[in-house]
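# Observations on chain architecture
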Amino acid sequence: MHKISIQKDLPQISKSLASTVPLLDEYLDDYIEALDPDNGIEESYHPKHDKLFTWRAMRLMSRNHLTMFGLVTKDSGDFEEIVRKIWVEEKGIEIPRAEKVEVEEELEDGLEEEDHLMEDGEKKEDTMDIEDKEDKDDRIEKDKDSAETVKEEEKDDTENSAEKAKD
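Everything in this summary refers to the structure shown in the same document. (Residues numbered from 1 in each chain as written. Predicted model: local features only at pLDDT ≥ 70, side-chain atom pairs only at ≥ 80, totals over all residues. Heavy atoms only, no water.)

## A word on the nonpolar core
- The biggest cluster of nonpolar side chains holds 18 residues, and the ones touching the most others in it are Leu28, Met61, Phe79 and Val83.
- Those elements that place two or more of their residues in this core are helix 2 (24–27), helix 3 (29–35), helix 4 (51–65) and helix 5 (80–91).
- Each residue touching Val83, except ones within four places of it in the same chain, is listed here: Leu28, Tyr31, Ile32, Leu35, Met61 and Ile95. (Core = buried A, V, L, I, M, F, W, Y, C linked by side-chain atoms within 4.5 Å. Buried < 20%, exposed > 50% of the residue type's maximum accessible area, 1.4 Å probe, protein only. Helix = DSSP H or I, 4+ residues; strand = E, 2+ residues; numbered from the N terminus. Contact = heavy atoms within 4.5 Å.)

As structure tokens, this is what we get:
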């Protein structure tokens, strides 16, 4: 059994442990690579889904960037915006983003086309409301018919039972 002297051995042990802590830049290399859409890394393989990686990265960031922790996404705990800000401020490097803007613009263009196709300036929502109301009215009418049919069948069954009882 080895005995450790707090006065003699602990300072040396703590120095050796401190030298094994990775630099933030080195530790986040895989994360940065996954952020760049040109690298084609699928979302499911992104390091942000690895809880141990995330904990260690946040622990390293807390040493010098604790004031940025307000940028952490509340629902998922993702710290992408912190990393982007660190890279811009300290390295002058802007990490590319996925092009969501183009997709949003295409969706807006498609909606505008649909609006132009509508007659008399009606909006799609209004038309859907009218169609929904008509469908609802049809269902109510069918339910009434079904209820009347069931009542008639029950009445016939009662009459048939009464006639059988008389015989």
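Here the narrative resumes.
## Digging into the packing of aromatic side chains
- As enumerated under the stated definition, the model contains three aromatic pairs in all.
- Geometrically, the ring pair formed by Tyr31 and Phe53 is stacked, given 6.3 Å between the ring centres and 15 degrees between the ring planes. Of this pair, Tyr31 sits in helix 3 while Phe53 sits in helix 4, and the two are 22 residues apart along the sequence.
- The rings of Tyr27, Tyr31, Phe53 and Phe79 are connected pair by pair, giving a single aromatic cluster. (Phe/Tyr/Trp six-rings, centres within 6.5 Å; stacked < 30°, edge-to-face > 60°.)

## Remarks on helix 5
- In this model helix 5 runs 16 Å from its N-terminal to its C-terminal C-alpha over 12 residues, within 8% of the 16 Å that 1.5 Å per residue would give.
- Taken together, the buried positions of helix 5 are Glu80, Ile82, Val83, Arg84, Ile86 and Trp87.
- Residues of helix 5 that are buried make contact with helix 2, helix 3 and helix 4.
- Gly92, located one to two residues past helix 5, shows a positive phi value of around 70 degrees. (Expected span 1.5 Å × (residues − 1).)

## Considerations on the environment of Val88
- With respect to the element layout, Val88 can be found in helix 5.
- You can call Val88 partly exposed: its relative accessible area is 39%.
- Not counting residues within four places of it along the chain, the set of residues in contact with Val88 comprises Ile93 and Glu94.

## Some words on the side chain of Glu80
- With respect to the secondary-structure elements, Glu80 resides in helix 5.
- Residue contacts for Glu80: discarding those within four places in its chain leaves Tyr31, Leu35 and Arg97.

## Observations regarding the pattern of salt bridges
- Under the counting rule described, the total for this entry stands at seven salt bridges.
- For Glu81, the salt bridge goes to Arg97, with nearest N and O atoms at 3.0 Å. With Glu81 in helix 5 and Arg97 in the loop between helix 5 and helix 6 (100–117), the pair connects residues that are 16 residues apart, well separated along the chain.
- We classify Glu81 as partly exposed; its relative accessible area is 33%.
- Overall, Arg97 belongs to the partly exposed group, its relative accessible area being 44%.
- Across the pair Lys85 and Glu89 runs a salt bridge, and its minimum N-O distance is 4.0 Å. On the criterion of helical spacing, the pair formed by Lys85 and Glu89 is a turn pair, its members being four residues apart in helix 5.
- Each of Glu80, Glu81, Arg84 and Arg97 takes part in a single network of salt bridges with overlapping partners. (Salt bridge = Lys/Arg side-chain N within 4 Å of Asp/Glu carboxyl O.)

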